[in-house]
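Structural overview for review
The primary structure of each chain is shown beneath.
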Amino acid sequence: MEEAHTCIVCNERKQEGIRIWNQFICLSCEREIVQTDVDDDRYAYYIERMKRIWLEAIS
Ligand SMILES: [Zn+2]
């Protein structure tokens, strides 16, 4: 059985997803990010989350 990780976008524990810089994004959130329109408010939210992870990773 695969280990569950806490998704940094929805904060739910999921097994399927991708890992970015030691952080985890679940499959459904990843799909949602990909499908979200750039003009959508959620897109800015996702980018903000990703940016925070990235900044933490390089600091
Ligand atoms: Zn998620």
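For the structure, check the block above.
The text that follows walks through the structure, step by step, so that each part is easy to find. (Residues numbered from 1 in each chain as written. Predicted model: local features only at pLDDT ≥ 70, side-chain atom pairs only at ≥ 80, totals over all residues. Heavy atoms only, no water.)

On to the pattern of salt bridges, then. Evaluated as defined, the whole model comprises 4 salt bridges. For Glu-32, the salt bridge is made with Arg-42, and the minimal N-O distance between the two is 2.6 Å. Of this pair, Glu-32 sits in helix α1 (residues 27–35) while Arg-42 sits in helix α2 (residues 41–58), placing them 10 residues apart in sequence. Given a relative accessible area of 33%, Glu-32 falls into the partly exposed group. (Salt bridge = Lys/Arg side-chain N within 4 Å of Asp/Glu carboxyl O. Helix = DSSP H or I, 4+ residues; strand = E, 2+ residues; numbered from the N terminus. Buried < 20%, exposed > 50% of the residue type's maximum accessible area, 1.4 Å probe, protein only.)

Our next topic: the coordination of the zinc ion. The zinc ion binds to the protein through Cys-7 (SG), Cys-10 (SG), Cys-26 (SG) and Cys-29 (SG); the donor distances cover 2.3 Å. Within one chain, the residues donating to the zinc ion are spaced in sequence as C-x2-C-x15-C-x2-C. Of the two residues, Cys-7 is situated in the loop between β1 (5–6) and β2 (13–14) and Cys-29 in helix α1; the sequence distance between them amounts to 22 residues. Judged by its relative accessible area of 0%, Cys-7 falls in the buried class. (Donors = N, O, S within 2.8 Å, 3.2 Å for Na, K, Ca; no water.)

If you check α2, its first and last C-alpha atoms are 26 Å apart, about what 18 residues at 1.5 Å a residue would give, namely 26 Å. What α2 keeps buried is the set Tyr-46, Arg-49 and Ile-53. For α2, the angular spread of buried residues about the axis comes to 60°, placing them on one side. α2 presents Asp-41 and Ile-58 as exposed residues on the side facing more than 90 degrees away from its buried surface. For α2, the side-chain oxygen to backbone nitrogen distance between the N-cap and Arg-42 is 2.9 Å, and the N-cap itself is Asp-40. (Expected span 1.5 Å × (residues − 1). Arc of directions from axis to C-beta. Polar contact = N/O pair within 3.5 Å; in protein donor to acceptor, adjacent residues only side chain to side chain.)

On to the nonpolar core, then. For soluble globular proteins, the rule of thumb is that nonpolar side chains tend to be buried together. Counting residues in hydrophobic clusters, the biggest one holds 11 residues: Cys-7, Ile-8, Val-9, Ile-20, Phe-24, Ile-25, Cys-26, Cys-29, Ile-33, Tyr-46 and Ile-53. Mapped onto this core, the elements with two or more residues apiece are β4 (23–26), α1 and α2. Of all the elements, β4 adds the most residues to this core, at 3 residues. (Core = buried A, V, L, I, M, F, W, Y, C linked by side-chain atoms within 4.5 Å.)

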